[in-house]
Amino acid sequence: RKPSRSGWIVAAIGALAAVLYTWNLAAVGYANSYYAAAVKSASTSWKALFFGSIDPGSFITVDKPPAAFWVQGLSARIFGFSALSMLLPEAIAGVASVLILHRLVRKWAGDWAAHFAALAFAFTPVAVQMFRYNNPDAVLTLLCLAAAWAFWSAVETGRTRTLVLAAVLVGLAFNTKMLQAFLILPAFVLVYLVAGKPQLVKRLGQLAAALGALIVSSGWWVAIVALWPASSRPYIGSTSNNSILSLIFGYNGLSRIFGNSSGGSGPPGGGGGGAGFGGTPGWLRMFNSANGGQISWLLPLAGVGLLGGLWLTRHARRTDRARAGWLLWGGWALVPVGVFSLSRGIFHQYYSIQFAPAVAALVGAGAVTLWRLGRTNRCLRWILPATVVVTAGWAVALLERTPSYAPWLRVAIPIGAALVAAGFWLGDHLRSRAVVIAAAGVAAAALLAGPAAYSLTTVRHPQ
């Protein structure tokens with residue numbers, strides 16, 4: 001069948017993401033050498049691959065579970081260990097993540113929302129960095145989005161098997177980065193309790209089945225490591241007692257939130273207080289100098305869009321999928337933002353990729369929803385252009401933090417925002433669809449200019 005216009009746009013977005021994530025990829029070198037050592041060891045030793053050992057002799061593990069390193073290690077075994085063989089699976093995970101997000105938003109909010117969401121996600125600076133790097137976060141993001149895909153199918157159909165599949169995929173994500181993977185679970189549980197098709201008793205039974213699948217898929221590797229004789233397996237890195245449970249609930253768990261040191265040596269740069277990496281804990285942490293340029297460019301639009309979507313669906317029936325989408329993506333965004341903002345332990349800026357898909361989804365659907373809100377109530381037609389202006393203003397504030405960086409952007413973005421406001425007003429009064437579409441295109445260009453510039457700088461100057 002001949003591809004539709006939307007199909008060509010999706011293909012173009014996928015190609016753009018592929019270029020962003022693979023261009024001059026080998027220039028990144030071995031990226032995080034701590035994890036690169038584990039990948040190299042995995043390429044020569046099956047035991048090192050299974051346990052995630054930093055050395056081929058399996059003396060000690062890295063500080064994360066090994067699922068992401070299984071993917072990179074198998075690639076190194078097939079193609080030989082090199083920077084490219086290690087990093088290419090991360091880039092592929094990035095392209096797949098962009099396409100899955102597009103599909104999910106399209107099923108929920110339509111084509112235009114999906115296009116803008118996918119572009120916003122593809123150009124999120126922290127995403128560009130992580131999809132060109134060998135940290136576990138790229139695989140974590142892909143698995144969480146795959147879980148959301150299965151979960152949304154469960155919401156649409158009420159089938160137990162797709163809900164269980166979502167739980168299994170979250171369990172695999174746990175074996176990529178432990179408890180951080182569970183930050184999406186509150187949104188899943190809330191949405192299914194509120195909007196699942198079956199009656200309440202059946203919904204509770206389905207969630208119980210999903211919980212069982214989650215325990216098995218999360219715990220099988222942990223159980224093997226815990227039961228394996230300590231004398232014949234590697235020491236569990238970043239712990240003081242050689243316990244995988246200590247790594248889960250200590251160094252990679254409660255100590256991340258409360259700042260308690262687990263006593264482990266950890267990776268280079270590891271340890272206690274997280275203020276040295278992500279700034280001082282607090283509700284505005286995602287907007288500070290450490291994190292703002294990585295993730296916060298479109299947060300004003302995402303926030304207003306979420307409020308607008310919840311308002312429009314406030315009287316919807318229980319199983320309404322539009323409201324379910326707002327609860328899903330809103331919960332996905334808010335829980336990690338709250339946890340990361342207040343965490344007093346180790347917090348790196350790149351952790352924010354955990355909620356980058358949700359922010360992008362809220363941005364895409366939010367822009368469309370705010371337009372519809374204005375169409376249904378003339379008194380509210382100012383909300384979308386005002387939100388675009390505020391979001392553009394925040395972009396200028398972020399760029400002001402580095403005055404020598406692309407100074408022309410600080411002029412172009414406000415001009416673009418002003419044209420958008422004028423275009424929406426003119427299109428409304430002239431009832432011209434062409435003017436509105438042109439204004440929407442200028443809005444996308446103006447709001448994505450800042451993150452796109454940061455992303456291209458990342459591509460040009462590998463870190």
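Since we're looking at a predicted model, the values are computed, not measured.

Brief notes about unusual backbone geometry
The phi dihedral of Met-178 is positive, around 55°, even though this residue is not glycine. Looking at where Met-178 falls in the secondary structure, it is placed in the loop between α9 (160–177) and α10 (185–195). Its relative accessible area of 1% is what places Met-178 among the buried residues. Backbone geometry at Asn-242 places phi at a positive 60°, although glycine is not the residue there. Relative to the helices and strands, Asn-242 is located in the loop between α11 (200–227) and α12 (244–258).

Observations concerning the confidence of the model for the protein
The pLDDT averaged across the protein works out to 94; a share of 96% of its residues lies at or above 70. When the criterion is pLDDT under 50, residues 261–274 qualifies, and its contacts beyond four places in sequence or with other chains add up to 31 contacts.

As for α9
Between its first and last C-alpha atoms α9 spans 26 Å; for 18 residues at 1.5 Å apiece the expected length is 26 Å, and the two agree. Those residues of α9 hidden inside the fold are in contact with α4 (67–79), α8 (137–157), α10, α11 and α12.

Brief notes about the packing of helix α16 (residues 321–342) against helix α17 (residues 356–376)
Relative orientation and spacing of two packed helices are given, respectively, by the angle between their axes and the distance between those axes. Orientation of α16 relative to α17, taken along the N-to-C sense of each, is 135°, at an axis distance of 8 Å. Between α16 and α17, the crossing angle belongs to the class labelled oblique. Of the two possible hands of crossing, α16 and α17 adopt the one that is left-handed. Where α16 abuts α17, its residues Trp-326, Trp-329, Gly-330, Trp-332 and Ala-333 lie against Pro-357, Ala-358, Ala-361, Leu-362, Ala-365, Gly-366 and Thr-369.

Observations concerning the packing of aromatic side chains
Tallying each qualifying case throughout the model produces 24 aromatic pairs. With a centroid separation of 6.4 Å and 20° between ring planes, the pair formed by Phe-50 and Trp-70 is classed as stacked. On the criterion of sequence distance, the pair formed by Phe-50 in helix α3 (residues 46–51) and Trp-70 in helix α4 is long-range, its members being 20 residues apart. Between Trp-329 and Trp-332 the ring centres are 5.2 Å apart and the planes differ by 15°, which places this aromatic pair in the stacked class.

Some thoughts on the nonpolar core
Ranked by size, the top nonpolar core spans 148 residues in total, and within it Tyr-21, Val-105, Phe-121, Phe-151, Ile-244 and Trp-329 carry the most contacts. It is α8 that contributes the most residues to this core, 14 residues altogether. Contacts of Phe-121, omitting those with residues within four sequence positions, involve Tyr-21, Ser-97, Val-98, Leu-101, Ala-127, Phe-131, Thr-141, Leu-145, Ala-356, Pro-357 and Ala-360.

Cut-off values and rules
- Residues numbered from 1 in each chain as written.
- Predicted model: local features only at pLDDT ≥ 70, side-chain atom pairs only at ≥ 80, totals over all residues.
- Heavy atoms only, no water.
- Helix = DSSP H or I, 4+ residues; strand = E, 2+ residues; numbered from the N terminus.
- Buried < 20%, exposed > 50% of the residue type's maximum accessible area, 1.4 Å probe, protein only.
- pLDDT = per-residue confidence, 0-100.
- Contact = heavy atoms within 4.5 Å.
- Expected span 1.5 Å × (residues − 1).
- Axes fitted to C-alpha atoms, helices over the stretch in contact; angles between N-to-C directions.
- Parallel < 35°, antiparallel > 145°, perpendicular 65-115°, else oblique.
- Left-handed = near helix turned anticlockwise from the far one by under 90°.
- Phe/Tyr/Trp six-rings, centres within 6.5 Å; stacked < 30°, edge-to-face > 60°.
- Core = buried A, V, L, I, M, F, W, Y, C linked by side-chain atoms within 4.5 Å.

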